[in-house]
Structure formats: structure tokens, C-alpha cells
Amino acid sequence: SIDMLMSSEKEEDPDVIPEDNNLLTLRIRKKVLERREETIIVDRACRQETLTYEMESHATGKRPDNPTDLIEEGELLLTVNIFYPVIFQKHKDHKPYQTVLVLGSQKLTELKDSISCVSDLQIGGEFSSQPDQAPEHISKDLYKSAFFYFEGIFYNDKRYPECRDLSRTIIEWSESHDRGYENLQSVKMEDYVFNDLSLKIGFPYLFCHQGNCEHIIIITDIRLIHHNDCLDRNLYPLLIKKHWLCTRKCFVCKMYTARWVTNRDSLAPQDPCFFCDVCFRMLHYDAEGNKLGEFLAYPYVDPGIFN
Amino acid sequence: MSAVPGLKEDCEELLGAFQQADTVRFEHFAELWRERRFHTVFYGRMRALERNKLTKKTLEVAQQYFFPPYAFQIRVGALYLLYGLYNAQLCEPKQKIRIALKDWPEIQKFQQDLLDSQHYDAAYIFRRLRLARAFHFTAMPKLLTYRTKKKIEESYFKEEFKDPSNRVNSLITNDVLEELMNIHDHYQKMKCVISADKSQPDKALSLIKDDFVVNLKDITLEHQEWQQNRMKLFRNAKETDETENKKKEGTLLESEGSERANALARIKYRSYSAVVEASKSRRHRQVQLESSESGSHCGKSPTRSKKTRSQPARRGEMQVAKETAARHIGMPIIVEENSDE
């Protein structure tokens, strides 16, 4: 049969490059492998590699328990890259991003809910005097407005009554003078699915939330759903790639992730200084809970919290 | 994505050998494949993530030979290559071949071509790939990535695999010639009807050459033949040592000994495009061309008179070609100026 013509006749170990090869690819690869063997002491997958591979492939081939959740043929699958707004010096050349797979028939709001940004979790306010009363409300609950910008149209999230139209400012600004942007419109995000949009692949679009936290969104690929993909509708939007950010550790114990940041702290060696919860209380408060020294303390959420 | 080192050369070498073998049968391709043990291209100790990436890049490299402007034979070879690579890959689940929406009609046309020219083994291979769900139907051919490239590599088409840009043939196709023949017959009949003698047209009405359609077809055939010969000659010359100057080529050509060979050599030195390859399907079409025009006088052997008539036409063509900017790829160095006119 035809398949037999392709495969090897005898038992071969795919890890070993055969000696008598006449393929240039293999010769080069063999040299690289030999050099690697000489220089690397332990050749094992590091954490990041395992994470990347797992995230890429964990959902392949999954089928839902409930047959109504099965994705039909002809469904489109979009690969959306969402860039982080953090600006670190080391990210100058390639900005980190997370990649999400979205179905064509899903609403824009579903994508918005799946975007996890650290600015959503910020807690505002200075709490040096009352460290135990750091409120539970995170910014995500307080400021719910968000919008997407695709091809000249702003899609605003209007599901909750406290959501405001953030794009109104921009539209008013562009209409006030003739700046060359025509026809910027504003519509509701929850009325639209991705199939309704006309998009350019590789073109940067915008997602803005919290009033000023902006993410660039780029669609890298649109394709038809395939038999080997995950066919469970509930798992979409599916996160397949995430950038690993190193978390800042507490200055004292260097073990736990920082939960507090202090400014103008007379007890701390640097400004700003990060502490984990335990070290923070031990250093700045005495046994009765009185504040020692002068400082301003803010709850801190590290960007690496999603690792 | 940085390219897999050495892969392009290996693929081109395999496709080149396939082209040399001058066939489109899968058995020959499989032999060449087995000779080179091409399935080992995925070997080498690597972990799953790297293997996925490597397989994706390999399939991408192989896939670009599947589309025009490559010659028919190369495209069939690319189809076989894709089939082989897809089945030989070590990833589980298998990495798929990306086909863009805009390329899909061309592939369907290609499949129809295969069926029409009765290359059933190639059509079967394609069907097997479809059944195995080996394709991802995407909007765009290349998956985008985000590394800043040090230099933009422009896609380089291997010249030898390209189909001859046969503008004459694409203009004077089978259909056009048939139409012309029909119109010509109709015209003759009309002339007969309105002239005094019903069986043949009036002498006063003969304003065109009667056999002009046949002449046109003959000229087209000659042109094609000339192209093939030129390519063969070029190939022969290239195989001999390229560092030798054209003295050796002179002897090679003189050994042919006829005026025609000299003319061909002259044309070769003035030629402007790179090596072209007559594809197998072209030969099929040539056969049809002859048989559709009824009559035994549509042979390929041109008579002397026709040849001298078409020679200046050819010469004129070549003059125009010389004036355009020439790009010699792989041509041997021409030491002295060729002043034969």
C-alpha cells in the first residue's frame, strides 16, 4: 500500500540521527545536537517550556459532555493576541502577549471577560493606618466600563448600569475639528458576535478598560474549525499562550510574593519597597497593632499573579 | 519564524530529481524518497514543543511548491512531498497543512487537471490527504509571528522549477484556434454564397490568405519547440563545466553541425529569461492540439519556406527581448560580444 512506501522498513529510533544520511537538514541538526550535548549539563524541559507546551495542547481533541455544546462544522476560529500594557525595559523588542482562541459565533463580551489584566485587581487607597481594613472591592468591580475598537467602530460594554461610554470622549474629540478620522461610531458590545465584524489580520486594534488601561489586540489567524480541535463550546475563549512574568518577592524574606508596597518609609531601605503580608505587619506594627514610624502603604498586586 | 536550516535545499534537491526523472508517477517519487530516506528529516532528539514547531515549518516550506507559478510536474511532486511529510511526521496529533482561501480554487483546478490528464495516482493521493483531514482552511497563508526580523527574506522562486512564461501559448490557445477556424470557414462559405460560382469564392474576394489559421498554429508550435530546444541546450551547456569559457560551448554546438543549431545558440546567448522546463502536461496538450485540427498537414515538421518566414519573426522577438533588462541567472560568462545578426 502507499503508506508502506513512506515508512521505514526496520525499527528505527527517531531520536537518533542515522549515520549514513544524505540530507543537509540532518547534517546541520546533528551538529547542533552535538554541540548542545557538550555544553548543556542537564537537558530537561524547564518550567516555562512545559507550561507553554501544556497550554498549547491541553485542549486538543476535547469533546463536551453535553452534546448541545458541540461546535459544528463551519465554525470559525480566530486567534487573538492581546498585548500586556506593562512597559518594562526588557520588553522593548518584543512585547509580551497572551493568545486566546475565540469562536466566530461568540459575543465580544465573552472575549472581554476572558481577558485577565492585573489592573483589574488593583485596590485603590492608602491603608497604612488601617491595614486590616483593606477593602475587598477590586477595581474590576468598581469600574466596569470597557470598549473594543475595530475598524472605526467602538464597541462599548453596556451590560451593567454603571458602565459608561468611554469612547464618547474620543468621538467628540475627533468630531470637534476636522482631524481626518471619519465616521467613528459607538455601539453596544453585547449585541455583536465576531462573525459580524470585518477584520484585518495582523492589524492592531484596541481594547480599553478601567478608563486608561489599554491593550493592543491583533488577530493573527482565522480558520475553519477542525476535527482535532477542542469542540467544547464552554471552554472558549481558550487561552493557549501566556507570557510568564516574574513576580516581585518580599524584600525581607524573599520567598513570598509582595502584597504591600510602601513609600516614604523610614523603616525601609528603599523607596518603594515591597513586603509580603507577614513581614509587613511584623515590621511596621507592634504587638497591639499600632503604627510604628512614618510611611504610606498601598496594597500591591503583582503582574505575575496570573502565572 | 527562522527557517529550518538545510530544509529548503533538501526539498529542492528532491523535487529537482523528480523533475529530471520526467515523470509524474508516484512510484518514481517514492523511489527517490526512499533513496534519500526523507522520512528521517524529522529525526533528532527534541522535545514535543520544538518538534511541533519544526513540523509546522517543514510543512510550510513544502507547501509553497504546491502553487503556481511552479511547473505542473513540480506541483505534482510537491503534492507527493506533502503527503510524505504529513505521514512521516512524528507529532501526535499531527500538524496540519495550511491552505489559504484564495488558493483553494487553484487547487481545485489543479485537481481537475489531474483527473483530465488521467494522473489518477496523484488524484488519489490528494483524496487521501483530504480524507485524513490534513488541511487547515485558513484566511491567510502564513501564520503571523512577532520576532523582529533582522532582514526581510524575499521569497525566492527557484527558477528552474518555474513554468515557462509562455505568453504566445496563453494567447493562441486551443479554443482561440478553433474559433478562428470556424470563423474562417464561415467566411469562406459566405464568400461562396455571394459569388457567382457557388462552389468557390470569387477571385476578387480573396483578400486574406486561405490557410492563415493553419500557419498561425504552425508558428505557435514552432515557437514551443524552439523554447524546449533552447532549454535543453541550456541544460546541456550548464551541465558541462561552467568555469570553462564558451570555447567549449562552441565545440559542443558545432558538433551539431547544422545551421539551425547555430541559430539556436545565438538565441541562447541573447535569451533573457532563465531556464524553463516543458512540463509533462504541456506535452499532453500539444498532442491534443494536433489532433483537434483535422488534417494530416498539421505535422510538426516545418517546411523550408515556412521556416524562413517565421525566422525573421523570431529574430524580431529576440531583438525586443535583448533591449529589455536582462537578468542572467546561472548563465555561463560570455567573453566576447556576439555580433551575429
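Starting afresh in each chain, residues are numbered from 1 along the sequence in its written order. Key to labels: chains lettered from A, ligands numbered from 1, both in the order written. Only residues with pLDDT of at least 70 are given local features in this predicted model, and only at 80 or more are side-chain atom pairs given and counted; all residues enter the totals for whole chains, interfaces and linings. Excluded from the side-chain calculation are hydrogens and water; included are all heavy atoms of the structure.

Engineer: Help me understand the overall build of chain B, please; the structure alone is not making it clear to me.
Structural biologist: Elements are defined by DSSP. Helices are runs of H or I of four residues or more, strands are runs of E of two residues or more, and each kind is numbered from the N terminus. Assigned secondary structure in chain B consists of 13 helices and two strands. In chain B, which comprises 341 residues, the share counted as buried stands at 43%. In chain B, 79% of the contacts between residues at least 6 apart in sequence involve partners at least 24 apart. A 1.4 Å probe and the Shrake-Rupley method give the accessible areas. Residues count as covered only by the protein chains that appear here. Put simply, chain B shows about 19,100 Å² of open surface, and 54% of that area lies on carbon and sulfur atoms. Only protein chains enter the accessibility calculation, which uses a 1.4 Å probe; a residue is then buried when its area is under 20% of its type maximum, exposed when over 50%, and partly exposed in between. Note on contacts: a residue pair qualifies if any of its non-hydrogen atoms lie within 4.5 Å across the two residues.

Engineer: It is not clear to me how the overall build of chain A should be interpreted in this structure. Could you clarify?
Structural biologist: Regarding its fold elements, chain A presents seven helices and 11 strands. Each of the 307 residues in chain A was classed as buried or not, and the buried ones make up 40%. Across chain A, the fraction of contacts at a sequence separation of at least 24, relative to all contacts at a separation of at least 6, is 63%. Carbon and sulfur atoms make up 52% of the accessible area of chain A, which totals about 17,800 Å².

Engineer: It is not clear to me how the sheet that holds strand β10 (residues 273–275) of chain A should be interpreted in this structure. Could you clarify?
Structural biologist: Strand pairing in a sheet takes place through backbone hydrogen bonds and is either antiparallel or parallel in direction. Residue and element names in this part refer to chain A. Spatially, three strands are ordered β10-β9-β11 in an open sheet, and the strand pairing comes out antiparallel. Every interior strand has two partners, whereas the edge strands, β10 and β11 (296–299), have only one. Between one strand axis and the next, the sheet turns by 30° as a mean value, whatever way the strands run. Pairing between strands is defined by DSSP: at least two bridges between the two strands are required. Summarising the sheet, strand β9 (residues 260–263) and β10 pair through three bridges and their orientation is antiparallel. In the sheet register, T262 faces β10, and the bridge partner there is C273. Every axis in this analysis is a line fitted to C-alpha atoms, fitted for helices over the stretch in contact. Angles between the N-to-C directions lie between 0 and 180 degrees.

Engineer: Teacher, can you tell me more about the pairing of β9 of chain A here?
Structural biologist: The side chains of a regular strand alternate between the sheet's two faces. Of the strand pairs in this sheet, β9 of chain A and β11 of chain A are connected by four bridges, and their pairing is antiparallel. The residue of β11 of chain A that forms the bridge with N263 of chain A is L296 of chain A.

Engineer: Where do I start with the nonpolar core in this structure?
Structural biologist: Formed by 52 residues in total, the largest nonpolar core has its most connected members in F66, L81 and L85 of chain B. The set of elements that each furnish at least two residues to this core consists of α1 (7–21), α2 (26–36), α3 (48–63), α4 (72–88), β1 (97–100), α5 (104–116) and α6 (120–131) of chain B. Tallying contributions element by element places α4 of chain B first for this core, with 12 residues. V102, F150, Y155 and F207 of chain A belong to the second largest nonpolar core, which has 21 residues in total. Definition of nonpolar core: a set of buried residues of the types Ala, Val, Leu, Ile, Met, Phe, Trp, Tyr and Cys, connected through side-chain atoms within 4.5 Å.

Engineer: I keep staring at the environment of Y80 of chain B and nothing clicks. Help me out?
Structural biologist: All names here are of chain B. Relative to the assigned elements, Y80 resides in helix α4. In the structure, Y80 is positioned 54 residues away from F26 in sequence and 7.3 Å away in space, judged by C-alpha atoms. Those residues in contact with Y80 that sit more than four places away from it in its chain are F18, V24, R25, F26, F29, D121, A122 and I125. Identification of polar contacts relies on pairs of N or O atoms within 3.5 Å, with a donor-acceptor requirement for protein atoms, meaning one able to donate a hydrogen and the other able to accept it, and with residues adjacent in sequence counted only if both atoms are side-chain atoms. Polar side-chain contacts of Y80 include one of 2.8 Å to the backbone oxygen of V24.

Engineer: Just checking my understanding: could you explain the side chain of H284 of chain A for this structure?
Structural biologist: All names here are of chain A. Tracing the chain through its elements places H284 in helix α7 (residues 277–284). With a relative accessible area of 0%, H284 lands in the buried category. Within polar-contact distance, the side chain of H284 engages the side chain of D265 at 2.5 Å. For H284, the residues in contact, after removing those within four places along its chain, are T262, D265, L267, F275, N290, K291, L292 and F295.

Engineer: For this particular structure, what's the right way to read the packing of α3 of chain B against α4 of chain B?
Structural biologist: The packing of two helices is summarised by the inter-axis angle and the distance between the axes. All names here are of chain B. The interhelical angle for the contact between α3 and α4, taken along N-to-C directions, is 170°, at an axis separation of 9 Å. With respect to each other, α3 and α4 are oriented roughly antiparallel. The crossing of α3 and α4 is left-handed. Taking contact as the criterion, the partners of T58, L59, A62 and Q63 in α3 are, on α4, A78, L81, L82, L85 and Y86. Of the residues assigned to the contact of α3 with α4, the class counts are seven nonpolar, two polar and no charged. Angles are sorted into four bins: roughly parallel if under 35 degrees, roughly antiparallel if over 145, roughly perpendicular if 65 to 115, and oblique for all others. Helix crossings get a hand from a simple test, with the near helix turned counterclockwise from the far one by less than a right angle marking a left-handed crossing and a clockwise turn marking a right-handed one. In this classification, Asp, Glu, Lys and Arg are treated as charged, Ala, Val, Leu, Ile, Met, Phe, Trp, Tyr, Cys and Pro as nonpolar, and every other residue, Gly included, as polar.

Engineer: Sorry if this is basic, but what is going on with a nonpolar patch on the surface here?
Structural biologist: The patch calculation keeps residues exceeding 30% relative accessible area without a salt bridge and links them within 9 Å when they carry like charges or within 5 Å when they are nonpolar (Val, Leu, Ile, Met, Phe, Trp, Tyr). For this analysis, a salt bridge means a side-chain nitrogen from Lys or Arg found within 4 Å of a carboxyl oxygen belonging to Asp or Glu. Together, Y187, L207, I208 and F212 of chain B give the surface a local cluster of nonpolar side chains, amounting to about 380 Å² of exposed area. By the secondary structure assignment, Y187 of chain B is in helix α8 (residues 174–194).

Engineer: Mind showing me how you'd approach α4 of chain B here?
Structural biologist: Within an α-helix, residues lying three or four positions from one another point in the same direction, as the helix has 3.6 residues per turn. To estimate the expected span of a helix, count its residues, drop one, and scale the result by 1.5 Å. The end-to-end C-alpha separation of α4 of chain B is 24 Å, in line with the 24 Å expected for 17 residues at 1.5 Å each. Of all 17 residues in α4 of chain B, 16 are buried; the element is thus mostly enclosed.

Engineer: Sorry, what's going on with the packing of aromatic side chains here?
Structural biologist: All names here are of chain A. Only Phe, Tyr and Trp rings take part, Trp by its six-membered ring, and two of them pair if their centres are within 6.5 Å. Stacked means planes under 30 degrees apart, edge-to-face means over 60, and tilted covers everything else. Inspection of the entire model under this criterion finds 28 aromatic pairs over all chains. For the pair F280 and Y285, a centre-to-centre distance of 5.7 Å together with 75° between the ring planes defines the contact as edge-to-face. For the pair formed by F280 and Y285, the shared burial category is buried. Of the aromatic side chains, those joined through ring pairs into one cluster are F148, F150, Y155, Y192, F203, Y205 and F207. By definition, being over a ring means that NZ of Lys or CZ of Arg is both within 6 Å of the ring centre and within 35 degrees of the ring normal. One residue, K241, lies across the ring of Y97, its end atom 4.6 Å from the ring centre. One residue, K254, lies across the ring of F251, its end atom 4.5 Å from the ring centre.

Engineer: How should I be thinking about the pattern of salt bridges in this particular structure?
Structural biologist: Any two side chains of opposite charge can pair if their charged atoms end up close together. Inspection of the entire model under this criterion finds 11 salt bridges over all chains. Here D103 of chain B ties to K102 of chain B by a salt bridge, and the two come within 3.5 Å at their closest N and O atoms. On the accessibility criterion, D103 of chain B (9% relative accessible area) is buried. Put simply, K112, D113, D157 and R159 of chain A are held in one network by salt bridges that share partners.

Engineer: What should I look at first to understand the confidence of the model for chain B in this one?
Structural biologist: Low pLDDT means the predicted coordinates in that region are not meant to be read closely. Confidence per residue, as judged by the predictor, is encoded in pLDDT with a range of 0 to 100. Of all residues in chain B, 55% have pLDDT values of 70 or greater, and the mean over the chain is 67. Low pLDDT, under 50, characterises residues 148–152 of chain B; the predicted model gives this stretch one contact beyond four residues in sequence or across chains.

Engineer: Would you take a moment to explain the side chain of D121 of chain B for this structure?
Structural biologist: Residue and element names in this part refer to chain B. Its place among the elements puts D121 in helix α6. Looking at D121, the relative accessible area reads 18%, which means it is buried. Separated by 3.1 Å, the side chain of D121 and the backbone nitrogen of F26 make a polar contact. Every residue in contact with D121, bar those within four places of it in the chain, is listed here: V24, R25, F26 and Y80.

Engineer: I keep staring at the environment of V193 of chain A and nothing clicks. Help me out?
Structural biologist: Residues and elements named next belong to chain A. Mapped onto the fold, V193 is located in the loop between β5 (185–188) and β6 (204–209). Spatially, the C-alpha atom of V193 lies 8.6 Å from that of T109, the residues being 84 residues apart in sequence. Among all residues touching V193, those that are not within four sequence positions of it are G104, S105, Q106 and K107.

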